[in-house]
Amino acid sequence: MICVFFLLVISVNSFAQKNEALQAKLQSVINAHQAIIGFSLMDLQNGDTLTINGAKHLPMQSVFKFHLALAILNQVDQGKLRLDQKILIRKSDLMPDTWSPLRDKYPNGEVEIPLSELLRVTVAESDNNGCDLLFRLIGGPAKVNAYIHSLGVKEIAITATEHEMHHNEQAQFTNWTTARAATQLLKLFYSKHLLSASSQEFLWNVMTGTTRISTKIKGQLPAGTPVAHKTGYSGVNDAGITAASNDIGVVTLPNGKHFALAVFVSMTKEDEKTIDATIAELTKTSWDYLINNSL
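Just so you know, these numbers come straight off a predicted model, no measurement behind them.

Draft legend 1. Quick peek at the packing of aromatic side chains. Going through the model one piece at a time under the given rule, you end up with three aromatic pairs. Seen in terms of ring centroids, Phe 64 and Phe 135 are 5.6 Å apart; in terms of plane orientation they differ by 75°. Their pairing is edge-to-face. Here Phe 135 lies in helix α6 (residues 128-138) and Phe 64 lies in helix α3 (residues 64-77), a separation of 71 residues in the sequence. Note on Phe 135: relative accessible area 2%, which makes it buried. Considering the side-chain rings of Phe 66 and Phe 189, the 5.5 Å spacing of their centres and the 70° angle between planes classify their relative orientation as edge-to-face. With Phe 66 in helix α3 and Phe 189 in helix α9 (residues 179-190), the pair connects residues that are 123 residues apart, well separated along the chain. Comparing Phe 66 with Phe 189 shows no difference in burial state: the two are buried.

Draft legend 2. Just the sheet that holds strand β8 (residues 227-233), in detail. Taken in spatial order, the five strands make up an open sheet running β2-β1-β10-β9-β8, and their pairing is antiparallel. Edge positions in the sheet fall to β2 (49-52) and β8, since each of these pairs with one other strand and no more. Adjacent strand axes in the sheet meet at a mean angle of 5°, parallel and antiparallel pairs treated alike. Here strand β9 (residues 245-252) pairs with strand β10 (residues 258-266) via eight bridges, running antiparallel. Of the residues in β10, the one forming a bridge with Ser 245 is Val 265. Contacting β1 (36-43), β2, β9 and β10, α9 runs over the sheet at an angle of about 150° to β10.

Draft legend 3. Structural context of the side chain of Thr 98. With respect to the helices and strands, Thr 98 occurs in the loop between β4 (86-89) and α4 (101-105). Judged by its relative accessible area of 8%, Thr 98 is buried. Among the polar contacts made by the side chain of Thr 98, one reaches the side chain of Asn 128 at a distance of 2.8 Å. Aside from chain neighbours lying at most four places away, what touches Thr 98 is Arg 103, Asn 128, Asn 129 and His 166.

Draft legend 4. Quick peek at the side chain of Gln 61. Examined against the element boundaries, Gln 61 turns out to sit in the loop between β3 (58-59) and α3. At 2.9 Å, the side chain of Gln 61 forms a polar contact with the side chain of Gln 172. Here Gln 61 is in contact with Met 165, Gln 172, Gly 232, Tyr 233, Ser 234, Ala 244 and Asn 246, once residues within four sequence places are set aside.

What counts, and where the lines are drawn
- Residues numbered from 1 in each chain as written.
- Predicted model: local features only at pLDDT ≥ 70, side-chain atom pairs only at ≥ 80, totals over all residues.
- Heavy atoms only, no water.
- Phe/Tyr/Trp six-rings, centres within 6.5 Å; stacked < 30°, edge-to-face > 60°.
- Helix = DSSP H or I, 4+ residues; strand = E, 2+ residues; numbered from the N terminus.
- Buried < 20%, exposed > 50% of the residue type's maximum accessible area, 1.4 Å probe, protein only.
- Pairing = 2+ DSSP bridges.
- Axes fitted to C-alpha atoms, helices over the stretch in contact; angles between N-to-C directions.
- Contact = heavy atoms within 4.5 Å.
- Polar contact = N/O pair within 3.5 Å; in protein donor to acceptor, adjacent residues only side chain to side chain.

And the structure:
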């Protein structure tokens, strides 16, 4: 046991020294901003992870739609749901005071659409009404929370729907994660061990086709870089504070290797453009390092 512990200490120390320059660059980006920033970077080839404020509990906002999609697709793989099954959307399901391309497309409701379309619009377009329809289909946030915890990802809580967050600003803080838990979940997804091959391919394609916000993780990457990601944004409250502006995802390097990244920016008065540029800079700094190195 003593020998094992000694070897572990040597490994951790050499890892820290190896990445000291990268850590310093990332820290300098974070220090330049008046915000709480949780950051986690994982080399998906070896699982090594570098975090800054990686254990802080930070609000997810729409990032949790990735978690919801995993739970729904798990039900598909168990035969409890089907991607081609029709989901009834009533007019009463379409909240008027929220982001919803689904409502814009079907303003009068009373239509049936396949579960695959509902998942796509919820994840790729971050539809809030679609999100709550999926919560209702699976049995509520607690079911999603239990599923994610069952995977061994414990530093996370999913308790509130989009409707609840829209009617109580404090509810968003009950849907929290740590940055390191986010990359842990991305690693499980990337490993292709969570879902069937067809469900894995479906969600990967949806996430690489995300249309919401290309100025965060993708903001400074070379054009055409494949990124499977999910954003989240709280908007600005009456006090001028952005409670959450986030992006998590898997980035493909030119050599075909991948890294997972999670950036959660919280409780800041900086504007959206500045926040997005911060996330983009942290991503590009990670990219520049990982092109020639491993963590």
